[in-house]
Amino acid sequence: MNANQKRLVTLEGDNTASRISGLIEIRHCLQKDVALAIGMSEQVFSNKMNGLRSFSAKDYKALADFFNTSVDYLMGRTLDPWPVDAQPEEVAS
């Protein structure tokens, strides 16, 4: 985990919008870039980030794919934005 990732873990909030904001900051992109990449209008994405609308399962999947993180992280179920995949025992040997 690099310094930016460690900083994200300590600065993150407990809601989806704050976690997405942290990921946007680390990626050095804008909300409009994310909205475009996941097929959403800037206004709808802004409304979701501001809590006026809820994120759907489709949104979570698209965001997790875009940021290369897990839906669990976006939903606040884990603190690690980039979990290490478990490898089968024979591969680890």
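Residues numbered from 1 in each chain as written. Predicted model: local features only at pLDDT ≥ 70, side-chain atom pairs only at ≥ 80, totals over all residues. Heavy atoms only, no water.

Novice: Would you mind going over the nonpolar core with me for this structure?
Specialist: When a protein is soluble and globular, its nonpolar side chains tend to lie buried together. Among the nonpolar cores identified, the biggest contains 18 residues, and Ile20, Phe45, Leu63 and Leu74 are the most heavily contacted of them. Breaking this core down by element, the ones donating at least two residues are α2 (16-27), α3 (31-37), α4 (42-49), α5 (57-67) and α6 (71-74). (Core = buried A, V, L, I, M, F, W, Y, C linked by side-chain atoms within 4.5 Å. Buried < 20%, exposed > 50% of the residue type's maximum accessible area, 1.4 Å probe, protein only. Helix = DSSP H or I, 4+ residues; strand = E, 2+ residues; numbered from the N terminus.)

Novice: Could you clarify how one ought to interpret the environment of Ala64 in this entry?
Specialist: Along the polypeptide, Ala64 turns up in helix α5. For Ala64, a relative accessible area of 6% corresponds to the buried category. Spatially, the C-alpha atom of Ala64 lies 7.3 Å from that of Leu74, the residues being ten residues apart in sequence. Filtering out sequence-adjacent residues up to four positions away, Ala64 remains in contact with Thr69, Ser70, Val71 and Leu74. (Contact = heavy atoms within 4.5 Å.)

Novice: So what exactly am I meant to see when it comes to unusual backbone geometry here?
Specialist: Excluding glycine, residues mostly carry a negative phi; peptide bonds, for their part, are mostly trans. Backbone geometry places His28, a non-glycine residue, at a positive phi of 55°. Here His28 shows up in the loop between α2 and α3. Of note, the phi angle at Asn68 is positive, near 55°, even though the residue is not glycine. Its place among the elements puts Asn68 in the loop between α5 and α6.

Novice: Explain α4 here, please?
Specialist: Spacing of three or four residues puts side chains on the same side of an α-helix, whose turn is 3.6 residues. Three or more residues of α4 are buried, namely Phe45, Asn47, Lys48 and Met49. Along its buried surface, α4 packs onto α2, α3 and α5. Positive phi appears at Gly51, one or two residues downstream of α4, with a value of about 80°.

Novice: Hey, could you run me through the packing of aromatic side chains in this one?
Specialist: Both the distance between ring centres and the angle between the ring planes are used here to describe each pair of aromatic rings. If you walk through the whole model with that rule in mind, you get three aromatic pairs. A centroid spacing of 5.9 Å and a plane angle of 50° characterise the contact between Phe55 and Tyr60, whose relative ring orientation is tilted. Residue Phe55 shares its accessibility class with Tyr60, and that shared class is buried. When the centroid spacing of 4.9 Å and the interplanar angle of 80° are considered together, the rings of Phe66 and Phe67 count as edge-to-face. Among the residues examined, Phe66 registers a relative accessible area of 25% and is labelled partly exposed. By relative accessible area, Phe67 is classed as buried at 3%. Through pairs of rings, three or more aromatic residues link up here, namely Phe45, Phe55 and Tyr60. Over the face of the ring belonging to Tyr73 we find Arg19, whose NZ or CZ atom lies 4.5 Å from the ring centre. The positively charged end of Arg27 is found above the aromatic ring belonging to Phe66, 5.0 Å away from the centroid. (Phe/Tyr/Trp six-rings, centres within 6.5 Å; stacked < 30°, edge-to-face > 60°. Lys NZ or Arg CZ within 6 Å of the ring centre and 35° of its normal.)

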